[in-house]
Amino acid sequence: MDPQISIEVGQRLYEMMVRIRKFEEAVVELFARGKIPGFLHTYIGEEAVAVGVCCNLTIEDKITSTHRGHGHLIAKGAEFDKAMAELFGKATGYNKGKGGSMHIAEPDLGMLGANAIVAAGIPIATGAALTAQYLGKDWVAVSFFGDGASNEGSFHESLNLASVWNLPVVFVCENNEFAESTPRSQNQKIKDIAIRAMAYDIPSMIVDGNNVEAVYLAAREAITRARTGGGPTLIEAKTTRWRGHHEADNQSYRNKEELKAALANDAVARWATQLLAAGVPQATLDAINEKTAQELKLAIEFAETSPLPNPADANADIFTPFIFEEI
Ligand SMILES: Cc1ncc(C[n+]2csc(CCOP(=O)(O)OP(=O)(O)O)c2C)c(N)n1
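Note that the structure is predicted; figures quoted are calculated from it, not measured.

Novice: Even after reading the chapter, I still don't get the packing of helix α2 (residues 47-54) against helix α7 (residues 212-227), so can you show me in this structure?
Specialist: Each pair of packed helices can be summarised by the angle the axes make with each other and by the distance between the axes. Two elements in contact, α2 and α7, have axes separated by 7 Å at closest approach and are oriented at 40°. Considered as vectors, α2 and α7 are oriented oblique to each other. Relative to α7, α2 is oriented so that their crossing is right-handed. Residues Ala-48, Val-49, Val-51, Gly-52 and Val-53 of α2 pack against Val-212, Val-215, Tyr-216, Ala-219 and Ile-223 of α7. Looking at the contact of α2 with α7 residue by residue, the classes come out as 9 nonpolar, 1 polar and no charged.

Novice: Would you mind going over α2 with me for this structure?
Specialist: Along an α-helix, residues three or four apart share an orientation, since each turn contains 3.6 residues. Across the 8 residues of α2, 8 count as buried, placing the element largely inside the fold. Where α2 is concerned, the buried positions are Glu-47, Ala-48, Val-49, Ala-50, Val-51, Gly-52, Val-53 and Cys-54.

Novice: Please explain the site of the ligand as it appears in this structure.
Specialist: Taken together, 15 residues sit near the ligand, with His-67, Arg-68, Ala-116, Gly-148 and Phe-178 positioned nearest. In the model, an oxygen atom of the ligand is placed 3.2 Å from a nitrogen or oxygen of the Asp-147 main chain. Between Glu-180 and the ligand, the recorded distance is 3.1 Å, taken from a side-chain N or O atom to a nitrogen atom. Protein chains shield 73% of the accessible area of the ligand, which is 590 Å² for the free molecule. Per-class residue counts for the shell around the ligand are 6 nonpolar, 5 polar and 4 charged.

Novice: How should the nonpolar core be read in this particular structure?
Specialist: Within soluble globular proteins, side chains that are nonpolar tend to cluster in buried spots. Residues Tyr-14, Phe-23 and Met-84 are the most contacted members of the largest nonpolar core, which totals 67 residues. Among the elements that take part in this core, helix α1 (residues 7-32) stands out by supplying 10 residues, more than any other. Judged by nonpolar contacts, the second largest core, of 20 residues, contains Ala-125, Cys-173, Ala-197 and Ile-202.

Novice: Looking at this structure, I do not really get the packing of helix α4 (residues 80-87) against helix α10 (residues 282-305). What am I missing?
Specialist: Packing of α4 against α10 brings their axes to within 8 Å, and their N-to-C directions diverge by 40°. With respect to α10, the element α4 is oriented oblique. You can see that α4 and α10 cross each other, and the crossing is right-handed. For the pair α4 and α10, contact is made by Phe-80, Asp-81, Lys-82, Met-84 and Ala-85 and by Thr-292, Glu-295, Leu-296, Ala-299, Ile-300, Phe-302 and Ala-303, respectively. Within the contact of α4 with α10, the residues separate by chemical class into 8 nonpolar, 1 polar and 3 charged.

The rules behind each value
Residues numbered from 1 in each chain as written. Predicted model: local features only at pLDDT ≥ 70, side-chain atom pairs only at ≥ 80, totals over all residues. Heavy atoms only, no water. Axes fitted to C-alpha atoms, helices over the stretch in contact; angles between N-to-C directions. Helix = DSSP H or I, 4+ residues; strand = E, 2+ residues; numbered from the N terminus. Parallel < 35°, antiparallel > 145°, perpendicular 65-115°, else oblique. Left-handed = near helix turned anticlockwise from the far one by under 90°. Contact = heavy atoms within 4.5 Å. Nonpolar A, V, L, I, M, F, W, Y, C, P; charged D, E, K, R; others polar. Buried < 20%, exposed > 50% of the residue type's maximum accessible area, 1.4 Å probe, protein only. Near = heavy atom within 4 Å. Polar contact = N/O pair within 3.5 Å; in protein donor to acceptor, adjacent residues only side chain to side chain. Areas by Shrake-Rupley, 256 points an atom, 1.4 Å probe, with all protein chains shown as cover. Core = buried A, V, L, I, M, F, W, Y, C linked by side-chain atoms within 4.5 Å.

Now the structure itself:
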């Protein structure tokens, strides 16, 4: 374990990864049983990225997420019960069941939203960083997005403005080498996405996204730079998506040997090994797993027994209700 990381932080990193892993494993099963409507894109295999970054953030800091957003939400401090209820489409969810898996948001946690539109969170984070600068707040904004998203115009426009205006924003590219079923080699010629930052005179870092310690330390540097007036950074985290693009995708296009190697390179197991070597007792890790499993069990019961939203409330909490009234 790197000496810059205390045992306390190390355990926190482990706990947050376990929280995401267990939540995602549960929703996979619940989705298969028809409990969760819509599409489900899981974050299994990528936990170390959200956790390594978000463990450096305060509740005031803002993040934007993607269609693969549960991990970011949990890493930013979400409670399982309201998150699970939202995925079930229940009235007790974070967004009263109107957001669901791909549009879940909780501004009180600084989580400005998952987003079904690829790359749409990047300008939102950039705008949040502009807000901080304009209002003289010391929060920073972090945008999580995929390798595919880095081909979108909004990625390039956001990096350009963030650079020109020296905004307190960190761009975190979760490079899992796939955009849906398309391998990156078919839509990008560059070896590393980090190189794109050079075009905007933004510093960049490449990290092993399966090494939570490496992500944590890289993010700490980038977030400190942003918070102290040093402007934006692009972090490229090389990671692996374990499951299909979404739960209806059987991944027939994937190289099975590569996938097997990725499963053997599990960030959660790797970090557990490091913690044990640093002297953390196995019983402590077991207790974290047990506590998380208990909380999850209660959250599933809460979601199952919660009411669906009242159709009469369909126009509440939205910006343009009159449009729906006129239709
Ligand atoms: C603007 C836009 N274009 C296309 C899509 C369809 N789509 C959904 S997810 C996805 C792939 C995104 O890949 P990446 O950004 O690498 O994220 P990952 O799924 O790998 O996490 C695409 C093309 C979309 N939702 N929005």
